[in-house]
Amino acid sequence: MLEMKREEVVKIIKRAFAEVGDKSNINLPKKLDEETRILGGNSPFDSMHIVNIIVLIEDYIADTFNLNITLANEHTMSQGKSPFLSIRTLTDYIVGNLP
């Protein structure tokens, strides 16, 4: 069950990436994988893109799992290691907070 949730969360994040990339004319890597950066490094996104991605992910999580989550909150932002570094770190964070 946990692996199914993980796979679905990865799909949701990639879907949000693609939607923001398309709307903002961003050249995303041809292959998005769990190592794809969200913040820093080789990330193709600026801060407004990140905000849009977060909102889309929250909406898609609500639609898929019938669960309202808030990713940009004090708990998330106070993590020792940011969950927004890569698709993998964000997936781990989201799956770890799903019931």
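In this report, we go over the structure that sits alongside the text. Here the structure is a predicted model, which is why all the values come from computation and not from measurement.

Let us now look at the nonpolar core. One broad rule of soluble globular proteins: the nonpolar side chains tend to lie buried together. Ile 13, Phe 17, Ile 57, Ile 61, Leu 71 and Ile 94 are the most contacted members of the largest nonpolar core, which has 27 residues in total. Excluding anything up to four places from it in sequence, Ile 13 contacts Ile 57, Ile 87, Leu 90, Thr 91 and Ile 94.

It is worth spelling out the pattern of salt bridges at this point. Under the counting rule described, the total for this entry stands at five salt bridges. One salt bridge in this structure joins Arg 6 and Glu 34, with 2.5 Å as the shortest N-O distance. With Arg 6 in helix 1 (residues 2-23) and Glu 34 in the loop between helix 1 and helix 2 (47-65), this residue pair connects regions lying 28 residues apart in the sequence. In this structure Arg 6 comes out as buried when scored by relative accessible area, which is 16%.

Right, let's get into helix 4 (residues 87-96). In terms of burial, helix 4 is a largely internal element, seven of the 10 residues being buried. What helix 4 keeps buried is the set Ile 87, Thr 89, Leu 90, Thr 91, Tyr 93, Ile 94 and Val 95.

Attention now goes to the side chain of Ser 43. Assignment of secondary structure puts Ser 43 in the loop between helix 1 and helix 2. Here Ser 43 falls in the buried class, since its relative accessible area comes to 17%. A polar contact of 2.5 Å, which involves the side chain of Ser 43, links it to the backbone oxygen of Ile 38. Each residue touching Ser 43, except ones within four places of it in the same chain, is listed here: Arg 37 and Ile 38.

Parameters and conventions
Along each chain, residues carry numbers from 1 onward, in the same order as the chain's sequence is written. Reporting of local features is limited, given that this is a predicted model, to residues whose pLDDT is at least 70; pairs of side-chain atoms are given and counted only at 80 or more, and all residues count toward the totals for whole chains, interfaces and linings. Side-chain descriptors were evaluated using all non-hydrogen atoms of the structure, hydrogens and water having been removed beforehand. Residues belong to one nonpolar core when they are buried, are Ala, Val, Leu, Ile, Met, Phe, Trp, Tyr or Cys, and are joined through side-chain atoms within 4.5 Å. In this scheme, a residue with accessible area under 20% of its type's maximum is buried, one over 50% is exposed, and one in between is partly exposed, where area comes from a 1.4 Å probe on protein chains only. In this analysis, two residues are considered to be in contact whenever any of their non-hydrogen atoms come within 4.5 Å of each other. Salt bridge, as used here, is a side-chain nitrogen of Lys or Arg placed within 4 Å of a carboxyl oxygen of Asp or Glu. The numbering of helices and of strands both runs from the N terminus, where a helix is a DSSP run of H or I of at least 4 residues and a strand a run of E of at least 2. Polar contact is defined as a pair of N or O atoms within 3.5 Å, subject to the rule that within protein one atom must be able to donate a hydrogen and the other to accept it, and that residues adjacent in sequence are counted only when both atoms are side-chain atoms.

Keep in mind these numbers describe shape, not what the thing actually does.
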